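So you can see what is in the structure, the chains are spelled out below.
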Amino acid sequence: MTELAPQELRVLVAVAEAGGFSAAAHRLGITQSAVSHSVRGSEAKVGAVLFDRGRAGASPTPAGERAVALGRRILRLYEVLGAEARAAGRAAAGPGTAEGVLRIAAFRSAALHLLPPALERLAARHPGIRPEIRVVRELGPGTAGEVAAGRADLAIATLSGPASRPLPGPLSGPPSGLPDGLPDGLLSGELTREAYSLVHPAGHPDPKALPLLDWDENCGSYTRDWWRAQDWIPRATVKAEDDAMVLTMVGRGLGMAILPELSLREATDAVEIAGLGPQGPVRRVGYVTTPELASTLAVRALIRELRAERG
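Right, let's walk through the structure included here. Since the structure is predicted, the reported quantities are computational estimates derived from the model, not experimental observations.

**Describing the overall build of the protein**
Stage number 1. Across its full length, the protein holds 11 helices and 11 strands.
Stage number 2. Within the protein, the proportion of its 311 residues that are buried is 46%.
Stage number 3. Counted over contacts in the protein with a minimum sequence separation of 6, partners at least 24 positions apart contribute 71%.
Stage number 4. Of the roughly 15,100 Å² of accessible surface on the protein, 55% is carried by carbon and sulfur atoms.

**Comments concerning a nonpolar patch on the surface**
Stage number 1. On the surface, L70, I74 and Y78 cluster together to form a nonpolar patch covering roughly 260 Å² of accessible area.
Stage number 2. The residue Y78 is located in helix α4 (residues 62-91) in this model.
Stage number 3. Among the residues examined, Y78 registers a relative accessible area of 46% and is labelled partly exposed.

**Quick word on empty space enclosed by the protein**
Stage number 1. Applying the stated criterion across every chain, the model contains one cavity of 30 Å³ or more.
Stage number 2. Counted as a void, the largest cavity has a volume near 80 Å³.
Stage number 3. Forming the walls of the largest cavity are F107, R108, S109, E138, W215, E217, D242, D243, S263 and R283.
Stage number 4. Among the residues making up the lining of the largest cavity, the classes are represented as two nonpolar, two polar and six charged.

**Points about the pairing of strand β6 (residues 187-201)**
Stage number 1. Taken across its 15 residues, β6 has 12 buried, putting it largely inside the fold.
Stage number 2. Sheet topology note: the β6/strand β11 (residues 282-289) ladder contains eight bridges and is antiparallel. Looking at β11, one finds that S188 is bridged to V288.
Stage number 3. The sheet contact formed by β6 and strand β10 (residues 271-275) spans five bridges and is antiparallel. Within β10, the position partnered with H200 by the bridge is E272.

**Things to note about the pattern of salt bridges**
Between side chains of opposite charge, pairing is possible as soon as their charged atoms come close.
Stage number 1. Under the counting rule described, the total for this entry stands at 22 salt bridges.
Stage number 2. In this structure, R108 engages E266 in a salt bridge whose closest nitrogen and oxygen atoms are separated by 2.8 Å. Taken together, the positions of R108 in helix α5 (residues 108-113) and E266 in the loop between α10 (261-264) and β10 put the pair 158 residues apart, joining distant regions of the chain.
Stage number 3. We classify E266 as partly exposed; its relative accessible area is 30%.

**Section: the environment of P131**
Stage number 1. Here P131 shows up in strand β4 (residues 128-135).
Stage number 2. Along the primary structure P131 and I104 are separated by 27 residues, whereas in three dimensions their C-alpha atoms are 7.0 Å apart.
Stage number 3. Apart from the residues within four sequence positions on either side, P131 is in contact with L102, I104 and L119.

**Notes on the layout of surface pockets**
Think of a ball as big as a water molecule: rolled over the atoms, this probe shows where empty space is left.
Stage number 1. Put simply, the second largest pocket is a space of about 240 Å³.
Stage number 2. Taken together, 13 residues form the lining of the second largest pocket, with V13, R72, L75, R76 and E79 sitting closest to its centre.
Stage number 3. Class assignment of the residues belonging to the lining of the second largest pocket gives a composition of four nonpolar, one polar and eight charged.

**Focus on helix α3 (residues 32-46)**
Stage number 1. Given a rise of 1.5 Å per residue, 15 residues ought to cover 21 Å, and the 21 Å separating the end C-alpha atoms of α3 matches this to within 8%.
Stage number 2. Among all positions in α3, only V35, S36, S38, V39, S42 and E43 are buried. Viewed end-on, α3 has its buried residues packed into an arc of 165°, placing them on one side of the element. Away from its buried face by more than 90 degrees, α3 exposes S33, H37 and A44.
Stage number 3. Its buried side turned inward, α3 meets α1 (6-18), α2 (21-28) and β1 (51-54).
Stage number 4. Two residues or fewer past α3, G47 is found with a positive phi of approximately 85°.

Thresholds, definitions, all that
- Residues numbered from 1 in each chain as written.
- Predicted model: local features only at pLDDT ≥ 70, side-chain atom pairs only at ≥ 80, totals over all residues.
- Heavy atoms only, no water.
- Helix = DSSP H or I, 4+ residues; strand = E, 2+ residues; numbered from the N terminus.
- Buried < 20%, exposed > 50% of the residue type's maximum accessible area, 1.4 Å probe, protein only.
- Contact = heavy atoms within 4.5 Å.
- Areas by Shrake-Rupley, 256 points an atom, 1.4 Å probe, with all protein chains shown as cover.
- Patch = residues over 30% accessible without salt bridge, like charges linked within 9 Å, V, L, I, M, F, W, Y side chains within 5 Å.
- Salt bridge = Lys/Arg side-chain N within 4 Å of Asp/Glu carboxyl O.
- 1 Å grid on protein atoms, 1.4 Å probe; cavity = no way out; pocket = protein on both sides within 12 Å on 5 of 7 lines; lining within 4 Å.
- Points joined across faces, edges and corners; volume = space filled by probe spheres on them.
- Nonpolar A, V, L, I, M, F, W, Y, C, P; charged D, E, K, R; others polar.
- Pairing = 2+ DSSP bridges.
- Expected span 1.5 Å × (residues − 1).
- Arc of directions from axis to C-beta.

See below:
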């Protein structure tokens, strides 16, 4: 098979993101016929139909989704090549610093509490790095899905199971061989473990009698198994958009909730927090990146700062 050229990859990504050939042509500054010709050529090289065409536009087929995701990741390597080469040249004369855009995806509480101190230290050591942070809900593919799709260089994600595949080299920790629930081909490392706690209105005489408040991103399947085994936890009667809204509603006396530690950093005197004991659920939070970006200076620098935050 003949390899796809960078411009062909850019066309595939543009069509997927714009939702059609005409919109992609406008985005790229070329003609619609040029886009159509490029896509047909890419499909011939790949040996698969990459887009379903219709009156409403074009949408990637399963083969197209995979091609677009890998295309983004390949194009990202072209973008970081220059910065990596310049940093290597500087390192020959002394300690080098990383530079360029660093794309980060994180769920809300991690973006609020884990990232800022790490980014502050990163800016002091590597002022040439320009972080771009996107807050992504931990639903479906979640933050790790942003990395798999090539839209983020590194994600702060919820990991399933008690351990994960470590990155190679000096950043790696002891491997456990247990699954982390990531899309195939990604690398991860644990940053912190959050115990869940019961949070209820301050001064309430019987918090377990209150309705349960919840939000869609809360917990993973392994934590839900613990929930189902607790006969005192009712089914959620109210669901909110995010953990901050749940916490506010609890403070207003509308119910009780079970929340992880990062979410509870915003707790006020309006609520009380009670531990769930040594057998209570724990959420693992870690970083996720791709094998090809794991060795880049900016990603490794951020991982070091995130791990320093963990202590």
